[in-house]
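# What the coordinates show
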Amino acid sequence: MPPKRRGPLLNLQREADGLKTKLDSLVVDVNQLNEHNRADLRQRCSELLSAVEQTTQALKKLTKADEPAPVGNYELRKREEETRLQDFHNQLRALELNLQSPETSEASERLSTQGPSGDQESEEDSEEEEESEDEDNDDDDDDDDEDEQEQEERNDVKDGENALMESVVAISAFKGEQDGDLTMEKGTVLHILKKNKDGWWLAQDSEGNKGLVPKTYVKAQPLKEVEEEEDEEDDDEEESEEEKEEVDEETKSKARSSHSNWDTVRKAITEIDATDVLSAMGAIPAGFRPSTLSKLLDEGVTYRGSHYIQPELSQSNLSFKDLFLDPDTGKVRARTSRVCLSLSLWSCKMIPPPGVGLQVLSRHVRFCAFDGERVLSNIYTVRATYSPKNPKTWSFSPRMSGQLPSLLDGECFLRCDSASANLGVLFELGVTYIRNSTGERGDLSCGWTFLKLYDANGALIPLRTYELILHGGTPYETDVEVDPSLTKGVTGSVFQQMLMSRRVPKLIVKLRTPNNRTMAHLNLLPDTFVGSLCSVQLLALYRQLLADTLLLDRVTMQSADLICNSVLATFPEVLNQSDLLDSFQSAWENAEKLMKRSEKRDMSVLKREFVRVYMEYVFPLLYSADMPAPLWADDDVDTQRARIVFTSNHNSQSTAQQAFDISQVTYDLLSSARH
């Protein structure tokens, strides 16, 4: 058996281990610094810093699709590696600054705590205590610290870190709901003290009040006070010593906060600046923003259908919350959700197209269950079609010969069991673009709308056709127009109001009650799930196989051993690749045509055929060595994948497969089930 090929992530981890070894060696040499080898150490530090930056850039470009075989906890491992490389970067920057200063005794003492020679820490601390008795030496040390801090700030400015987000402005009013929250009005400028991973940031307003605010209610503003302060220091030689100390203290605190959250801040600033630049160029309307739902999809599998199709564990983690068997029939017990309906995306009207300089790769609508604050379900995407003669109108489910791809099918369903009074559907219109000048790809929101499903009395809204007006900005912004130029100069006259209503961007969607057969399949799905109606039967059969394996075949309900089952292990990944799901759907329809009527009602026959069709037509494609990894809105990749899928479905010969990995045939209940 040939050796298993290493993936890109593992290779970068090995490179990072090599960089760590070099860094430890450099720290030891710096602790033994003398004037003869200063230049050599500075050169080594510069080369190692460049290698760390190159490795970090290569790591950020990696995706899970680049791996030759599935990798468990991929996103977590990638984030841990990014954190480790950032630590290397910070240590090297400190080394570089200290090597530029003629006095490095105290710098070596501080850096030794980060290096491998931890035995010297107590000795150096005792030396510092002895030297503290000499006031003259203390004054010199303070001056050295100030010089090093000024040099560090200037280097940060040269490296482009002057664009760091030192303060934010509130884009929407927020009223504190719990103790510790900070109430703010729209337009309030806040200083961020700490950024928590749960999305609540510790902020301070101009009056000194501190508290937590949601990060989605504020917008970053790059500050340039550091540059202004340095210019004032150079121009005003008569500034008092007290003022200089205050400036130094402020810049030190800013530098510490900037290094701790640099990765998050740099990503936010880049996105905001890109949108601002495009808006200033006239390439996009003022109401366009970076896509909110696209960001959530890029964070991992949390908001993907492959995650929500899995069974949900109960609070004790010893049983399931939404997967049960009917003892009389042996089938999955049907479960009714608070909301279970079908929705049809009809069209979008008066959508302003991006201007020159941008090539649109995809027009689409993403939607999910939403309560005004949180996304409650997986996020589903439907591609739109348009005519170049009328680019402001998007349509769905185009008429075409053959089977309609699920990605273009506007017939969808929504199930949600949330008890929120504000439960509804969030729709976000978006485009994937590429800049002709730079080749940069990005996702923009062309507007959003929220359809609340329950009225003030708690009753479900009528199931009919709705024309929903689109709003600009993000779902957490209010009173933002998609294109303010459409309403410019409009007065309050009735006639002009009627004309303006025809120019407002709208999404037309129809809500319906599913028919009995479809409703029976939907009730076998998880309590919260959204997707395409064409795949409902396949999803229901997969849930039946899950119930048989997890509830009947396990020795005990407390057993968490790996389960040998290729279908259970790999089918969720097919939900993330619409062309493979279409191939499965087509093969399944052909198999159903050959079944007798009695066989279509026999669950044992349906399960057997489901496994046979999947393993014969889909599983080989999922791990085909010739199949390129899926890439959103890339015509070349889509065409190549479509060619391989067509050839595989019409040619019985087996294709070359990727190197075998145990995850292809094993279902891990602990890592797959939702908690």
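Because the structure is a prediction, the values reported are computed rather than measured.

## Here we look at the overall build of the protein
When helices and strands are counted, the protein shows 20 helices and 19 strands. Restricting the contact set of the protein to residue pairs at least 6 apart, pairs at least 24 apart contribute 70%. Approximately 35800 Å² of the protein is accessible, and the part contributed by carbon and sulfur atoms is 48%.

## Side note on helix α1 (residues 8-31)
In this model, α1 (24 residues) spans 35 Å end to end at C-alpha, consistent with the 34 Å of a helix rising 1.5 Å per residue. Of the positions making up α1, those classed as buried are Leu9, Leu12, Ala16, Leu19, Leu23, Asp24, Leu26, Val27, Val30 and Asn31.

## Notes on the nonpolar core
Grouped together as the largest cluster of nonpolar side chains are 52 residues, with contacts concentrated most on Phe610 and Tyr614. Among the elements of the structure, α14 (536-553), α15 (566-574), α16 (578-593), α18 (603-622) and α19 (635-649) are those that each provide at least two residues to this core. In contact with Tyr614, not counting residues within four places along its chain, are Ser566, Val567, Thr570, Phe571, Val574, Phe584, Phe619, Pro620 and Leu622. Core analysis: the next-biggest nonpolar cluster, separate from the first, contains 41 residues, Ile284, Val339, Ala384 and Trp394 among them.

## Some words on the pairing of strand β8 (residues 358-370)
With eleven of 13 residues buried, β8 lies mostly within the body of the structure. Note: β8 against strand β9 (residues 380-383), four bridges, orientation antiparallel. Among the inter-strand pairings, His364 is bridged to a residue of β9, identified as Arg383.

## Concerning the confidence of the model for the protein
Within the protein, residue pLDDT values average 79, and 76% of them lie at 70 or more. Within the model, pLDDT remains below 50 along residues 103-146, and this stretch shows 34 contacts once partners closer than five positions in the same chain are excluded.

## Regarding the sheet that holds β8
Ordered in space as β6-β14-β13-β8-β9, the five strands form an open sheet in which the pairing is antiparallel. In this open sheet, the two edge strands, each paired with only one partner strand, are β6 (289-290) and β9.

## Some words on the packing of aromatic side chains
A complete count under the given rule lists 15 aromatic pairs for this structure. The interplanar angle of 65° and the centroid separation of 6.4 Å between the aromatic rings of Trp588 and Phe610 together place this pair among those described as edge-to-face. Here Trp588, found in helix α16, pairs with Phe610, found in helix α18; they are 22 residues apart in sequence, far enough to count as distant. As far as burial versus exposure is concerned, Trp588 and Phe610 are alike and both buried. One aromatic cluster in this structure is built from Tyr542, Phe571, Phe584, Trp588, Phe610 and Tyr614. Residue placement shows Arg338 over the ring face of Tyr454; its charged tip is 3.9 Å from the ring centre. One Lys or Arg, Arg363, reaches over the ring of Tyr386 and ends 3.8 Å from the middle of that ring.

## What to know about α19
Note that an α-helix has 3.6 residues per turn; residues three or four places apart therefore point the same way. Taking 1.5 Å per residue, 15 residues should reach 21 Å; α19 reaches 21 Å between its end C-alpha atoms and fits that length. Those residues of α19 that fall on the buried side of the exposure criterion are Val637, Arg641, Ile644, Val645 and Ser648. In a view along the axis of α19, the buried residues occupy a sector of 100°, so they form one face of it. Exposed and oriented more than 90 degrees from the buried face of α19 are Asp635, Asp636, Arg643 and Phe646. Of the surrounding secondary structure, the elements contacted by the buried residues of α19 are α16 and α18. By the N-cap criterion, in which a side-chain oxygen at the helix start approaches the backbone nitrogen of a residue two or three places on, α19 is capped by Asp634, the distance to Asp636 being 3.1 Å.

## Here we look at unusual backbone geometry
At Met350, a residue that is not glycine, the phi angle is positive and equals roughly 55°. Note on placement: Met350 falls in the loop between β7 (339-349) and β8. Of the residues examined, Met350 reaches a relative accessible area of 26% and is grouped as partly exposed. Its identity as a non-glycine residue notwithstanding, Ser397 has a phi of 50°, on the positive side. On the secondary structure map, Ser397 appears in the loop between β11 (390-395) and β12 (411-416). On the basis of relative accessible area, Ser397 is assigned to the partly exposed category, the value being 28%.

## With respect to the packing of α14 against α18
Running from amino to carboxyl end, α14 crosses α18 at an angle of 100°, the nearest separation of the two axes being 10 Å. The angle between α14 and α18 places the two elements in the roughly perpendicular class. Contacts between α14 and α18 involve Leu538, Leu541, Tyr542, Gln544, Leu545 and Asp548 from the first element and Met603, Leu606, Lys607, Phe610 and Val611 from the second. Grouping the constituent residues of the contact of α14 with α18 by class yields eight nonpolar, one polar and two charged.

## Considering the packing of α15 against α18
Here α15 crosses α18 at 60°, and the two axes come no closer than 11 Å. Considering the angle they form, α15 stands oblique to α18. Crossing angle aside, the handedness with which α15 passes α18 is left-handed. On α18, the residues that touch Ser566, Val567, Thr570, Phe571, Glu573 and Val574 of α15 are Phe610, Val611, Tyr614, Met615, Val618, Phe619 and Leu622. A breakdown of the residues in the contact of α15 with α18 according to their chemical character gives ten nonpolar, two polar and one charged.

## Describing the pairing of strand β16 (residues 506-512)
The sheet contact formed by β7 and β16 spans seven bridges and is antiparallel. By the bridge assignment, Leu345 is partnered in β16 with Val509. In this sheet, β16 lies alongside strand β15 (residues 465-469) in antiparallel orientation, the contact comprising five bridges. Bridged to Thr465 within β16 is Lys510.

Each value, and the rule that gives it
Residues numbered from 1 in each chain as written. Predicted model: local features only at pLDDT ≥ 70, side-chain atom pairs only at ≥ 80, totals over all residues. Heavy atoms only, no water. Helix = DSSP H or I, 4+ residues; strand = E, 2+ residues; numbered from the N terminus. Contact = heavy atoms within 4.5 Å. Areas by Shrake-Rupley, 256 points an atom, 1.4 Å probe, with all protein chains shown as cover. Expected span 1.5 Å × (residues − 1). Buried < 20%, exposed > 50% of the residue type's maximum accessible area, 1.4 Å probe, protein only. Core = buried A, V, L, I, M, F, W, Y, C linked by side-chain atoms within 4.5 Å. Pairing = 2+ DSSP bridges. pLDDT = per-residue confidence, 0-100. Phe/Tyr/Trp six-rings, centres within 6.5 Å; stacked < 30°, edge-to-face > 60°. Lys NZ or Arg CZ within 6 Å of the ring centre and 35° of its normal. Arc of directions from axis to C-beta. Polar contact = N/O pair within 3.5 Å; in protein donor to acceptor, adjacent residues only side chain to side chain. Axes fitted to C-alpha atoms, helices over the stretch in contact; angles between N-to-C directions. Parallel < 35°, antiparallel > 145°, perpendicular 65-115°, else oblique. Nonpolar A, V, L, I, M, F, W, Y, C, P; charged D, E, K, R; others polar. Left-handed = near helix turned anticlockwise from the far one by under 90°.

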